[in-house]
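What follows is each chain in one-letter form.
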Amino acid sequence: MKLTLLSTLAVAAIGANAHFTMQYIWINGVDQGLNTDLRVPPNNNPVTDVTSTDLTCNVNGLSGAGVSTVSIPAGTNITFEWHQHAQRTGEDAIAGGHKGPVQVYIAKAPSTAASFNGQGAVWTKIYSSGLLNPQSQEWATDVVNAANGKHSVVIPASLPAGEYLLRAEIIALHVAQSYPGAQFYIGCAQVKITGGGNANPPKIALPGAYKAADPGITVNIYNNLQSYTAPGGPVWSG
């Protein structure tokens, strides 16, 4: 008990200001440039209120006015890249103490991605990775850090053509023993999918689907955690 408490306090102290943001997307291996096609928040602080509209696309993320929208074919490989500051070297991409899941959602805009606020049951989960090894306590965030802040997803080829918001999310659970404690780091990119199919995937609302009492949101990761279920339901494979 004492060791668990000390570990918790140490991680909280070390990671208190080690926040981060999504800063780049790569399309089929091609870097699009710093903050290109992204809704950029005013700072690198996390969202902690699961009922806030900030959970959608971060602070000031309900509009993409002035943000470019990149055209991609269905089936594209998208890589998201996160950093603590506007630098790619000299520090961990995300602080090592920030353990938790990595998830990606997509939502089709009724018209343009730039004018889409992402509210309501519009989000489909297309990627999720959480606790990878209970013995070593390796998390998806450790893999992202080892990859210099990067993780990737293939856009399902069956999605209909149109403009979309892509929402990547990292949930840091180092102080998630009580609510609010879990830290939601969110980045949204604006894309236009060409080609595609006619799938109608399951959808959830963000905010709406996440609850304070969800075991993937309020959880003690320092108590020999052997399994973990991320919030938001299952991944749609397309």
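In this text the structure is predicted, and so the values were computed from the model without any measurement.

**Some points on the side chain of His-151**
Here's step 1: Tracing the backbone shows His-151 in strand β10 (residues 150-154).
Here's step 2: Judged by its relative accessible area of 6%, His-151 falls in the buried class.
Here's step 3: Among the polar contacts made by the side chain of His-151, one reaches the side chain of Trp-82 at a distance of 2.9 Å.
Here's step 4: Filtering out sequence-adjacent residues up to four positions away, His-151 remains in contact with Ile-78, Thr-79, Phe-80, Trp-82, Val-102, Val-104, Val-144 and Ala-168.

**Re the sheet that holds strand β2 (residues 30-31)**
The strands that make up a sheet pair up through hydrogen bonds in the backbone, lying either parallel or antiparallel.
Here's step 1: Spatially, the four strands line up as an open sheet ordered β2-β1-β5-β10, and their pairing is antiparallel. Of all the strands in the sheet, the pair left with one neighbour each is β2 and β10.
Here's step 2: The sheet contact formed by strand β1 (residues 21-27) and β2 spans two bridges and is antiparallel. Looking at the pairing, Ile-27 lines up with Val-30 of β2.

**Digging into the environment of Val-102**
Here's step 1: Inspection of the secondary structure assignment puts Val-102 in strand β6 (residues 102-108).
Here's step 2: Val-102 gets classed as buried once you look at its relative accessible area, which sits at 1%.
Here's step 3: Here the alpha-carbon distance between Val-102 and Lys-211, two residues 109 residues apart in the chain, equals 18 Å.
Here's step 4: If we ignore the near neighbours within four places in the chain, the residues touching Val-102 are Tyr-127, Ser-128, Ser-129, Ala-140, Thr-141, Val-144, His-151, Glu-169 and Ile-170.

**Side note on the pattern of salt bridges**
Here's step 1: One pass over the structure, following the stated rule, counts four salt bridges.
Here's step 2: For the salt bridge of Asp-31 with Arg-88, the shortest nitrogen-to-oxygen distance reads 2.8 Å. Pair noted here: Asp-31 is in strand β2 and Arg-88 is in the loop between β5 (77-83) and β6, with a separation of 57 residues, a long-range link.
Here's step 3: The salt bridge partner of Arg-167 is Glu-169, with a shortest N-O separation of 2.8 Å.
Here's step 4: On the accessibility criterion, Arg-167 (0% relative accessible area) is buried.
Here's step 5: Classification of Glu-169 as buried rests on a relative accessible area of 0%.
Here's step 6: Through salt bridges with shared partners, one network takes in Asp-31, Glu-81 and Arg-88.

Analysis parameters
- Residues numbered from 1 in each chain as written.
- Predicted model: local features only at pLDDT ≥ 70, side-chain atom pairs only at ≥ 80, totals over all residues.
- Heavy atoms only, no water.
- Helix = DSSP H or I, 4+ residues; strand = E, 2+ residues; numbered from the N terminus.
- Buried < 20%, exposed > 50% of the residue type's maximum accessible area, 1.4 Å probe, protein only.
- Polar contact = N/O pair within 3.5 Å; in protein donor to acceptor, adjacent residues only side chain to side chain.
- Contact = heavy atoms within 4.5 Å.
- Pairing = 2+ DSSP bridges.
- Salt bridge = Lys/Arg side-chain N within 4 Å of Asp/Glu carboxyl O.

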